[in-house]
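What follows is each chain in one-letter form.
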Amino acid sequence: MSDRPAMEVDIVCVGFGPATGGFLHTIAPRLAEMEAPPTVICYERADGLAFGVSGVATRARGIRASFPELDPSQIPMAAPIHEEKLLYLLDPTGASRRSVPVRMLDAIAGLAHDNHAVELPWIPGFLRKDGGLVLSIGQFNQWVSEQLMMTGAVQVWPGMPVAEPLIEKGAVLGVRLADQNGEPGMDIRAALTVVADGPVGPVGRRLDEHFGVPPGFERNDWAVGSKMVVELPSDCPLAPGTVFHTIGFPEPDIFGFFYVHPGNLASVGIFVPSWFDSPVRTSYRYLQHYMMHPFLWQYLKRGKLRSWGAKSLQESGRRGEPWLVGDGYARIGEGSGSTNVLSGSGVDEAWSTGVQLGESVLDLMREKSPYTGENLKRTYVRRRRESWLDKESRVAENARNGFQRGFLTGLIGMGMAGMTRGRVTVHASRRASQDRVRSMEEYFGRRIPQPEISRIEKQCHTDGVPLHDRLMDRLGWPPIPFDGEMLVSHQDALLIGGKVQGAAGFGDHVWFVDREMCELCRRRICLEMCSGEAIAPAKDGGAPVFDREKCVHCGACLWNCDNIQFAAGGGGLHSAEN
Ligand SMILES: Cc1cc2nc3c(=O)[nH]c(=O)nc-3n(C[C@H](O)[C@H](O)[C@H](O)COP(=O)(O)OP(=O)(O)OC[C@H]3O[C@@H](n4cnc5c(N)ncnc54)[C@H](O)[C@@H]3O)c2cc1C
Ligand code: SF4
Ligand code: SF4
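Attention here is on the structure that accompanies the text. Quick caveat, the model's predicted, so the values are computed rather than measured.

Notes on the site of ligand 3
Consideration 1: By nearness alone, 13 residues border ligand 3, and Cys-530, Gly-532, Cys-551, Cys-554 and Cys-557 come closest of all.
Consideration 2: Of the residues assigned to the shell around ligand 3, the class counts are nine nonpolar, four polar and no charged.

Here it is in structure tokens:
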């Protein structure tokens, strides 16, 4: 007999992000009215319910529908959007990699710039967040969890990673929690398992492996979002609710954002996309160069770093939609393909999928119907298909194809898709990042002579450090003038504001599948892009080493190399302000 502990509940949820927030917020008030309510429990991997990284600008249609009386001042760091700008940032350093057409664009834009930035005269409707909100995702999640706790109808447990779904005879029967302190994780048996584990969740991936994926399914578009929360100087003129979307710098492929919160705080971040072909795609240093761009620095200088974080975004949207339901399970949120890459919006979409599932579950409870794939299809999937979310996801489906061919083609493609409601798009095959990333010679060959690349590579191996800093130095990126306040080393950023350390008792959640392959690997993109410097060169030159204490669970390693496994693990909460 198995000595694994087990527990029976009615509904178990995996992950507490906006998607689960929407789900639980929809069902909790109704459960609270029932005489014998079903048991609903949610397990969140991170050691706090404020896990998240995005500094959010959102139209908040779904969120406002759930909270018709919403007063943003009740949510810490939330503000109505009052000013939105789309800026093209020129390269004041001369180090950015710009194609000839981009240089021509720079020359034209440079005729009328303000601090090396040009404000576009108009923001396309599909990008605008009219009437929306600026939020901190961590604070929003925390606020939602407080509302839920007040109902007393559902339980939300942080610090409890879910290892895998329990699947028997083609049905999901619940989940298994991760082993801890040598004790086997508990089996949680449930009539319905709600999978909302975000862009790199192991439970969702396990379902895809077991049940397969729909025809045409593909998840080659990703980005690593890296961001800082900054205390702005007291005389900063920017009002809460100010939103800057930026393109053009630090590399044309890297988009950025600057959102102002109440309390003189701002979220400033970048997205390093899967189509950025550099083999040393560090997001941390690029983020610092971004912040030091003269247009942004005029507001940020004399500010103070409050926290930093990084997290993946699944940007395949509708193309990455898995089977949404099956016997005993339903999928919601970013892992279900809800993020809209045309509008650059994921929170409200994730929330709304949760609401749709919540309404469907209440229908099925009323009917006393079981959570079969068929019943979930006629309730949840039907609601989703009939909603704005599904229609907009169709429009966005191929909107970013053009970036596979280059920055300008990408922008044109996005504009065409947005303007024609998805009828006209650029055709391009979307290759996985590991198939696209170029070798050092291909990528840097024109700017750094081959023998010098080899010399830098050899020296970095000898010193046991990644290549990215030295290659960026060599390309002319200026050194970061660390000031201990705003510009700090990557290691210091890990310690500021957050509590990244892995919770005690769990095993490593990242490992290298074939270590021999790692020993032979020259590209080593895993350590070049690791957001937390958790993957580092081994002292003996063998396979890289992983340090669980530094891992921020961004998931970037997973999508950059097939030889990495990324499983459920504890820790990684950056800061509740993220
Ligand atoms: C830097 C950045 C900026 C962004 N900016 C915006 C923006 O301006 N506007 C916007 O609308 N969207 C933005 N997004 C996207 C947005 O944050 C996501 O689309 C949204 O958070 C998705 O919500 P979700 O609930 O589906 O998943 P998530 O928010 O990813 O939540 C999933 C949760 O599941 C947990 N989990 C994962 N695995 C397990 C497990 N095995 N066991 C238990 N728990 C698990 C995770 O810890 C996490 O808390 C941004 C994202 C980033 C990274
Ligand atoms: S995980 Fe191994 S094979 Fe993959 S990039 Fe890193 S060193 Fe190379
Ligand atoms: S090891 Fe952790 S911090 Fe590094 S890329 Fe992977 S998930 Fe991100």
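Comments concerning the packing of helix α1 (residues 18-33) against helix α8 (residues 347-367)
Consideration 1: Running from amino to carboxyl end, α1 crosses α8 at an angle of 35 degrees, the nearest separation of the two axes being 6 Å. Between α1 and α8 the crossing geometry is right-handed. Of the residues in α8, those touching α1 at Pro-18, Ala-19, Thr-20, Gly-21, Gly-22, Phe-23, Thr-26, Ile-27 and Arg-30 are Val-347, Ala-350, Trp-351, Ser-352, Thr-353, Gly-354, Val-355, Leu-357, Gly-358, Glu-359, Val-361 and Leu-362.
Consideration 2: Looking at side-chain class alone, the contact of α1 with α8 contains eleven nonpolar, eight polar and two charged residues.

Observations regarding the site of ligand 2
Consideration 1: All residues in the neighbourhood of ligand 2 are listed as Phe-512, Met-517, Cys-518, Cys-521, Arg-523, Arg-524, Ile-525, Cys-526, Pro-544, Cys-561, Asn-563 and Ile-564.
Consideration 2: Secondary-structure elements contributing two or more residues to the shell around ligand 2 are α17 (515-520) and α18 (525-529).
Consideration 3: Broken down by class, the residue content of the shell around ligand 2 amounts to nine nonpolar, one polar and two charged.

Details of the nonpolar core
Consideration 1: If you look at the biggest cluster of nonpolar residues, it comprises 142 residues, and the most contacted ones within it are Val-134, Val-194, Val-230, Ala-330 and Cys-557.
Consideration 2: Filtering out sequence-adjacent residues up to four positions away, Val-230 remains in contact with Leu-265, Ala-266, Val-268, Leu-300, Gly-303, Lys-304, Leu-305, Arg-306 and Met-486.

Observations regarding helix α4 (residues 137-151)
Consideration 1: Between its first and last C-alpha atoms α4 spans 22 Å; for 15 residues at 1.5 Å apiece the expected length is 21 Å, and the two agree.
Consideration 2: Along α4, the positions that sit buried rather than exposed are Ile-137, Gly-138, Gln-139, Phe-140, Asn-141, Gln-142, Trp-143, Val-144, Ser-145 and Leu-148.
Consideration 3: Packing partners of the buried residues in α4 comprise α1, β3 (55-58), β7 (133-136), β8 (155-157) and α8.
Consideration 4: One or two steps after α4, the chain reaches Gly-152, where phi turns positive at roughly 70 degrees.

Details of the packing of α1 against α4
Consideration 1: The interhelical angle for the contact between α1 and α4, taken along N-to-C directions, is 15 degrees, at an axis separation of 9 Å. Of the possible angle classes, the one that applies to α1 and α4 is roughly parallel. Where α1 crosses over α4, the two elements pack in a sense that is left-handed. On α4, the residues that touch Gly-21, Leu-24, His-25, Ala-28, Pro-29 and Ala-32 of α1 are Asn-141, Val-144, Gln-147, Leu-148 and Thr-151.
Consideration 2: When the residues that make up the contact of α1 with α4 are grouped by side-chain class, the tally is six nonpolar, five polar and no charged.

As for the sheet that holds strand β6 (residues 117-119)
Consideration 1: What the seven strands build is an open sheet, ordered β6-β5-β13-β14-β15-β12-β16; its pairing is mixed. The open sheet has two edge strands, β6 and β16 (304-314), and neither has a second partner. This sheet shows a mean twist of 20 degrees between the axes of neighbouring strands, independent of strand direction.
Consideration 2: The pairing of strand β14 (residues 255-261) with strand β15 (residues 265-273) spans seven bridges and is antiparallel. For Phe-255, the partnering residue across the bridge sits in β15 and is Phe-271.
Consideration 3: In this fold helix α6 (residues 283-291) packs onto β12 (222-231), β14, β15 and β16, with an angle of close to 130 degrees to the strand it touches most, β15.

Calculation rules
- Residues numbered from 1 in each chain as written.
- Chains lettered and ligands numbered in written order.
- Predicted model: local features only at pLDDT ≥ 70, side-chain atom pairs only at ≥ 80, totals over all residues.
- Near = placed C-beta within 6 Å.
- Nonpolar A, V, L, I, M, F, W, Y, C, P; charged D, E, K, R; others polar.
- Axes fitted to C-alpha atoms, helices over the stretch in contact; angles between N-to-C directions.
- Helix = DSSP H or I, 4+ residues; strand = E, 2+ residues; numbered from the N terminus.
- Left-handed = near helix turned anticlockwise from the far one by under 90°.
- Contact = placed C-beta atoms within 7 Å.
- Core = buried A, V, L, I, M, F, W, Y, C linked by C-beta atoms within 7 Å.
- Buried ≥ 20, exposed ≤ 12 C-beta atoms within 10 Å, placed from the backbone.
- Expected span 1.5 Å × (residues − 1).
- Parallel < 35°, antiparallel > 145°, perpendicular 65-115°, else oblique.
- Pairing = 2+ DSSP bridges.

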